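# Structure at a glance
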Amino acid sequence: MMKDSHIAKSVRLALAFGAASTLLSAGAYAQDVTDQDENADAEEKAERITVVGSRIRTDGMDNPTPLEVISTELAVEQGLNTLGELLRTSTVASGSNQLTAAMSVGSVTEGGAGNESISMRGLGANRTLVLLNGRRAGPAGTRGQVAAFDMNSIPVSAVERVEILKDGASSLYGSDAVAGVINIITKKGDESAINFSANQPTESGGENYRLNGTYGQAFDKGSFRVVADYRLQQELARGDRDHFACEQRYLIDQATGERADPIDPRTGNYHCNDLPYGMWLWYNGAGNYLSTIQNYDYDGSKAAAGLPTYNPVNPGDIGVPEGWYPVGYDKLTDGWLDADHPFQDLQTMVPRTEAWSLYAQADYDLSDNVRFYSEILHSVRETKINSYRQFWEPYIPAWAGLVPGWEGDVYLDPTAVTDHSGSVTTIDYTRGVVGLEGSLGFWNWDISWQRSLSSGTYDTKIIMQDALEMAANAIWGDPCEGEVSPISQRACYAIDFFDPEYVRGNFDQGTRDFLFGMDHGKTIYKQDTVDAYITGDLFDLPAGTVATAVGVAYQTDSIVDTPGEQTLQGNSWGMSSAGITAGRQTTVAAYGEIQVPVLRDLPGVYSLDLTGSARWTDVNTYGSDTTFKISANWAITEDLRVRASRGTSFRSPALFELYLGDQSAFFDQRSDPCWNWAERQEAGSINERVLANCQADGIPGDYAQDFGSGTAYTGGGAGTLKAETSVSEGVGIVWSSPEGTVAASVDYYQVRIDNQVDDITGVSILNLCYRSDDFENEPFCDRFTRNDGTETGNWGIDEVYGGYVNVASQYVRGVDTVLSYQDDTPMGYLRLRLDHTIQIERTYQQFADSQPEQYVGLLGNPRHSGTITASLERDTWTYTWATRYAGKVDNYGEYIKGSATTYRLTPVYFKAEAPTTFYHTASVSKQFENDIDLTVGITNVFDKKPPLGSPAYSYTTGNAMMYSQYDQFGRQVFINLNYSF
C-alpha cells in the first residue's frame, strides 16, 4: 500500500473529493483514517483530524470557512425524494426563491422543463458550482440556456452525503464557484440493499414512488458498487387542490375591511378572474361602445338577469348577434365576465416525472503505489406538463359586413381558450470518470478524465401561425379550399372563428387538425475535463508541517441547441421564436494551495493556521485572470476558535450567455410602465420617477388601449460580454463544550459581484428606461420603439431589443448561525440542531449610477429562515421531529402607498404579504434484527396551506403563493423500507 505521513494522507483524502480542495477541510474526513495511522501520528497533527458533528449533519466547525455536511439519512427521516429537496433544507437556499420542477411549469426557465437547481445565497444557479465526488458535474437540460447541473440527474439513493462550502472558492475549484460549492459524495463500501419509498398526500395528486437497489463488494485490491434507481412523481394538477382554485382579485375595502371583489351572480362567490375568453371589440369610434370584452350567454343566465346589451341607433353604433353581452366595464359586469374555464383544473402544478438511473463506481490497486478508479452515471428523465392558453385572430372591422350579426365602428377579435398547451421533455444524461492516483514517497498524485453528455429533447404543443393567418384571410375572400399553409404545409380549413363554441375551446376536428401541432427541439451539451494534481508535505515548522497542493486542469464545453422547425421559422403563434444556439469554449487553469501552521500552544493561541490558494485561468472566449483566497483558523483555546477568509472569483460568460440564438417573445402591453398612468397615480400604485418620465414622454394619462402584444428580442453577447468578478469575505466564531455535547458557530458573510452578466428582458428594458434618473440620456430608452398615438390613439410598444449584458453589481451579506446539542439522556441518545440564517442585505444595482434594489424582505426572500431538528435514539427506535421556517415578507415597499390602491374608484387594500411560516415533519424509524429498516412519517403535519395573495401584486396560482419556501402538496404520509444484505 502507499506510504505517507499522516498529514499527507489526511490531505489526500480531502483531495479525493475535490481537486486542490482543501487542506482547509481535511479534518472533516479523518474518519477515513485508520486508528493505527492516528495513533502513529497523534502527537504530530491530532488536532487536524477532529470532527465535531452529529449523525445527520456535521458542523464543519474546525474549518477556516463554513462547511455544512448533510447526510442523506435526512432524506429518509424527512420524506425528501430528490437531491434538490434535500438541498433546499439548507439555509444557503432557504432565503431565496429556488428553481423547482413546479417553478418551471408556467414559463421558460434555464435548463428547461422539470429542471431543478440550487442558487446559493440567491446569487444564481450558474454561480454555484456543483461537484460530484470532487469533480465538476457537467450541465444537463434543454433549450439554449443550459449552464447548471440538474439535481434530478443523480438519485438521492446513490448519495452518502452532500458537502456545502458556504463561501466563494474559485481559486480552489475554478469558474462558477462564486457563491460557494456543493459537493455530492456517493456511497462506497460493500453494503448492499434494496429500498422502497413512497410519499402519499392525504389528497389525491402528487404521489411519489421510488424503488432502488445497490450492490457493492470490497476485496483485497479494490471495490465496486452499482446503484439502480427508478422514481415516479405523479402529476399534481391544479384541480387537485382547493388553494389553486381560480384566482380572485383578493381586494379589501379600506372603509369596511370586507372583501371588495365583485360577486359572480351565477355562483354567489367572489368572481373568478383567471383567463377570460370571448369576443374582443376594439374601439374605432362607435358611439355606444361599452366594453372591450363580450361574452356569450351559454346558459341563459345573462338574459334572465336582464343584463344590458347593444341596441344600435346611430350610424357606426355596435350591433351584436343574439346572445352576446358586454361585460367587464363596471363592478357589476366584472362579476359576469367568463374567466373560469374547466381547462384550468388540468393545468400542471408539479409535473409528472419518470426517471431511472444507473450509477457504478470501481477502484483497483494496480500496484502498491498506483490505483485505478472509475465512475459511470446514466440517467433518463421524462417530464410531462399540461397547460392552457388564450389565442386570438383574426382582426376584422365589424363595419365591413364580413361577419353576420356584427356591425359598428369596432374591430372584432375573437379570443379563444385551448388546452392544447404543454410539453414533454426528455433528458438523457451520461457522465463517466476514469483516473489514476498514486504516491511518490510522501507525495500523492491524481490524474483524471471526465466526460459528461446531456442529450435532451423538448416536444412542445404549438399553434401554427401560418394556419391561423390563412384561415383568418379566408374571411376576406382569400382562397382556402385545396390550398395548403405556406410553412406547416397543412390542408386549409375554413374555421368559424365567431362561433361561441369556438371561443370557449370546443373546436371541431377540422380546426384541431389545421391549427394544432407539436414542435420538436433538441439540445446537446458536452463537457470534457482533464485534471491533474499532486499534494504533500513541504517541511516542518515549530508549529507543525507545511503542506501544499498544486495542479493543472483543461476543460472544453460545447452546446448545440436546435429548436423545432416551426420555432426556427417563427411559426409558433404567441410563443418565442429562436435560432440555433451553438458554441464551444476551452478553459486552461493552473492552481496551487498551501497551508502554514503559524503558532501552537501559546497563551491565547492554541493554534493558528493560515491557508492560501491561487488559480490562473485562461478562457478562449474571454481571456485570462487570476483569483486568490486566504483564510485563517485561530483556535484561541481547544474549544473556541475564530475563522476568517477573503477570496476573489472570476466567472467567464457561459456558452448560452455568449451564443444564445436570437429569440423573440411576446409581452402584454399592460407591462408598459406608462400604461394607464393617471389611474395608477390616483391609486398611488405607480413609482414617482416612472410617473414623471411617462409624463415627460408625452404619453396620455388615460392611455389604456391594447393594440396587441409587443415583441421582445434577445440573444447572446459574444464579442461584448466581459467576465464577472467577485470578492467573498467571511468571519466567524466557533465554540464547542469540552465534553463535546454542545457546539455553536456564528459566521458573517458578504459577497460582491461586479460586471454581472444578466439577460435584460423586454419588460426590464422598459422599466429601466422609465425608472431612470437621467431619462433624457438613458441608453435603454433607445432599445425599443413606441407608437406616437397618431394611429387611433395607439401609444403601444412595437419592439424591444434585449439580450445578455454586463451590469454593475450584486451584493449579499448576512449571518449564519448553527447550534447543536447531543448527549446520552435517560430517554435515549438525544440530538438537537438549529440552523438559522439572517439576510442583512441582498441588492442588485443595474448600473453604477442606478439606485440599488433591495430584495431582502420581499416575497420569496425572507430575512430570517432556518431549520430545527430533534431526534431521539432509543434502542432500535429513532424518533425525529423537524421544523423548517421562513420569516414574514411583503412587497408593500415597492409601491408609493404601500398596500393601498383602488378598484373601480373604491379605495381598497391588496394583499402581497406572507407571515412567518412553519412546516413540521415527524417520523419514526425501527431497525429490525433481520436487517430491515422501516421509517414512517408525516410531512406538513398540520396541513398548512401556502399563503394567499392578490395575483396582480404577487406570484400566485389561483391565490396561492408560488415561492419555494411554501409547500404546495399539503400533508403527506411517507414510508421508507430498506433491506440490507
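Residues numbered from 1 in each chain as written. Predicted model: local features only at pLDDT ≥ 70, side-chain atom pairs only at ≥ 80, totals over all residues. Heavy atoms only, no water.

### Some words on the overall build of the protein chain
Counting its regular elements, the protein chain contains 16 helices and 47 strands. By the compact-globule yardstick of 30 Å for 981 residues, the protein chain fits well, its C-alpha radius of gyration being 31 Å. For the protein chain, the spread of C-alpha atoms along the three principal axes comes to 105 × 60 × 55 Å. Across the protein chain, contacts joining residues at least 24 apart in sequence account for 71% of those joining residues at least 6 apart. (Helix = DSSP H or I, 4+ residues; strand = E, 2+ residues; numbered from the N terminus. Rg over C-alpha atoms; globule rule 2.2 N^0.38 Å. Contact = heavy atoms within 4.5 Å.)

### Some points on the pattern of salt bridges
For the structure on display, the rule yields 37 salt bridges. Linking Arg-210 and Asp-229 is a salt bridge whose minimum nitrogen-to-oxygen distance equals 2.8 Å. Here Arg-210 is found in strand β8 (residues 208-219), whereas its partner Asp-229 is found in strand β9 (residues 222-233), with 19 residues between them in sequence. Relative accessible area serves as the criterion here: at 7%, Arg-210 is assigned to the buried category. The shortest N-O distance in the salt bridge between Glu-841 and Arg-813 comes to 2.8 Å. Note that Glu-841 is positioned in strand β35 (residues 828-845) and Arg-813 in strand β34 (residues 803-825), a separation of 28 residues in sequence. (Salt bridge = Lys/Arg side-chain N within 4 Å of Asp/Glu carboxyl O. Buried < 20%, exposed > 50% of the residue type's maximum accessible area, 1.4 Å probe, protein only.)

### Structural notes on the sheet that holds strand β23 (residues 577-578)
Pairing between sheet strands relies on hydrogen bonds along the backbone, with the strands arranged either parallel or antiparallel. The 5 strands lie next to each other as β23-β28-β29-β33-β32, forming an open sheet whose pairing is mixed. This sheet does not close on itself; its edge strands, each paired only once, are β23 and β32 (784-786). As paired strands, strand β29 (residues 710-714) and strand β33 (residues 797-801) are joined by 3 bridges and run parallel to one another. Bridged to Ala-712 within β33 is Val-800. (Pairing = 2+ DSSP bridges.)

### As for the sheet that holds strand β40 (residues 900-903)
Taken in spatial order, the 3 strands line up as β11-β41-β40 in an open sheet, and their pairing is antiparallel. Single-partner strands in this sheet number two, and they are β11 (251-253) and β40. Recorded for the sheet is a direction-independent mean angle of 50° between the axes of neighbouring strands. Relative to strand β41 (residues 906-910), β11 runs antiparallel, the two sharing 3 bridges. From the neighbouring strand, Asp-253 faces β41, where its bridge partner is Val-908. (Axes fitted to C-alpha atoms, helices over the stretch in contact; angles between N-to-C directions.)

### So, the pairing of strand β5 (residues 159-165)
Taken residue by residue, a regular strand's side chains alternate between the two faces of the sheet. With 6 of 7 residues buried, β5 is to be regarded as a mostly interior element. Sheet topology note: the strand β2 (residues 67-71)/β5 ladder contains 5 bridges and is antiparallel. Residue Val-69 lies in a different strand from β5, and its bridge partner there is Glu-163. As judged from the 6 bridges shared by β5 and strand β6 (residues 180-186), these two strands associate in the antiparallel manner. By the bridge assignment, Val-159 is partnered in β6 with Thr-186.

### What to know about the nonpolar core
Side chains of a nonpolar character, in soluble globular proteins, are inclined to be buried together. Within the largest apolar cluster, 37 residues are counted, with the highest numbers of intra-cluster contacts made by Leu-83, Leu-86, Ile-154, Ile-182 and Ile-184. Apart from residues no more than four positions distant in its own chain, Ile-184 is found in contact with Leu-83, Val-130, Leu-131, Leu-132, Asn-133, Phe-149, Ile-154, Val-159 and Arg-161. Judged by nonpolar contacts, the second largest core, of 36 residues, contains Met-279, Ala-286, Tyr-310 and Phe-514. (Core = buried A, V, L, I, M, F, W, Y, C linked by side-chain atoms within 4.5 Å.)

### Considerations on unusual backbone geometry
Along the chain, Glu-393 connects to Pro-394 via a cis peptide bond; the corresponding omega equals 5°. Within the secondary structure, Pro-394 is located in the loop between β17 (370-392) and β18 (396-397). Even without being glycine, Asp-943 reaches a positive phi, approximately 55°.

### Section: the state of the cysteines
All told, the structure shown has 4 disulfides when counted by the stated rule. The disulfide bridge from Cys-674 ends at Cys-694, spanning 1.9 Å between sulfur atoms. Of note, the bridge from Cys-674 to Cys-694 carries an S-S torsion of about -85° and is left-handed in sense. In this pair, Cys-674 sits in the loop between β28 (663-667) and α14 (677-683) while Cys-694 sits in helix α15 (residues 688-696), placing the two residues 20 residues apart along the sequence. Accessibility expressed as a relative area gives 0% for Cys-694, which makes it buried. (Disulfide = S-S within 2.5 Å.)

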